[in-house]
Structure formats: C-alpha cells, structure tokens
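What follows is the residue order along each chain.
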Amino acid sequence: MAISYAWNVSTVDTYPTKDSKSDVVHNVHWKLTATDDSNTVKDMDNNDIPATSQIYGSQSVDTSDLSSFIAFADLTASDVQGWVEAALGADEVTQLKASLDAEIAEKVTPTSVTKTIG
C-alpha cells in the first residue's frame, strides 16, 4: 500500500491576550486523513475512489513559554502541525497512522460483509 497522510490543523482556539501577546493558540482541532492511491473502494454511486480513512481530535498546546511566539497572522499549517505532533509524541502519531492503515486495509479487503437475504 502506498498510503499518504495529510493533517488539517486550520481550526484553533486562542486566548485573545496572554502575556501581552494577541491571539495565542492554546488548542488545535485536528484531522488526520490517510489515502491509499494504490487501492480503490466503491463510493455510494458505485464509483471507484481511493481508499481513505480519517481520525479527528483536539490537542492542547503549551503556552507557558511564549519566547518563540509566532503572530497569528504569520502562522502556517506547518507550524501548527509541528506543535500537534510534538504534543502528541512520535509514538502516538505512529499509532494513529497504524490505526488508519488498518481501517483502510479493512475497507480494501473486508473481513466481514453485511448482506441482505431475499
């Protein structure tokens, strides 16, 4: 499987002011999407689409030290993703990706299928 992962970290909660800084991000609402371009599944209209899986969460970020503060207008998705991944820790990120991989594998090669008699 050639699975790629994409983070969406565009929704955040901020403190309007903290330690004389404005719009300090303290919580990130994230979504991690895995897409397997090597395998397809059928959508509701019976079209082939890449197999995907998503997981959602929120992660608080440490605001106790604002010495490397980035102004809200200058924040990038890459900055925020880095904060989320650091706060989650490498093991948790690996576990999230493994869970998404397993969900995709189940979609591609199901171990159980619901059918209707009659």
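Scroll up for the structure.
All of the points below concern the structure found in this document. (Residues numbered from 1 in each chain as written. Predicted model: local features only at pLDDT ≥ 70, side-chain atom pairs only at ≥ 80, totals over all residues. Heavy atoms only, no water.)

Within the protein chain, the secondary structure is distributed over 2 helices and 3 strands. Sequence-ordered secondary structure for the protein chain, helices as α and strands as β, is β-β-β-α-α. Relative to its length of 118 residues, the protein chain is extended, with a C-alpha radius of gyration of 19 Å against a globular reference of 13 Å. Counting over 118 residues, the protein chain shows a buried share of 25%. (Helix = DSSP H or I, 4+ residues; strand = E, 2+ residues; numbered from the N terminus. Rg over C-alpha atoms; globule rule 2.2 N^0.38 Å. Buried < 20%, exposed > 50% of the residue type's maximum accessible area, 1.4 Å probe, protein only.)

What follows deals with unusual backbone geometry. One non-glycine residue, D19, adopts positive backbone phi at about 50°. Of note, D19 is situated in the loop between β1 (3-18) and β2 (21-42). Its identity as a non-glycine residue notwithstanding, S20 has a phi of 65°, on the positive side. With respect to the helices and strands, S20 occurs in the loop between β1 and β2.

The subject of this paragraph is the pairing of β1. Of the pairings in the sheet, the one linking β1 to β2 comprises 13 bridges and is antiparallel in character. Looking at the pairing, S4 lines up with T35 of β2. Adjacent in sequence and paired antiparallel, β1 and β2 are bridged by 2 residues, among which D19 carries a positive phi angle near 50°. (Pairing = 2+ DSSP bridges.)

Residues W7, V9, V28, W30, L32, V84 and L88 are the most contacted members of the largest nonpolar core, which totals 19 residues. Elements represented by at least two residues in this core include exactly β1, β2, α1 (77-88) and α2 (90-108). Element by element, the count of residues in this core is highest for β2, at 6 residues. (Core = buried A, V, L, I, M, F, W, Y, C linked by side-chain atoms within 4.5 Å.)

Alignment of β2 against strand β3 (residues 48-60), held across 13 bridges, turns out to be antiparallel. Note on β3: the bridge partner recorded for D36 is A51. Here β2 hands over to β3 after 5 residues, with N46 in that stretch at a positive phi of 70°.

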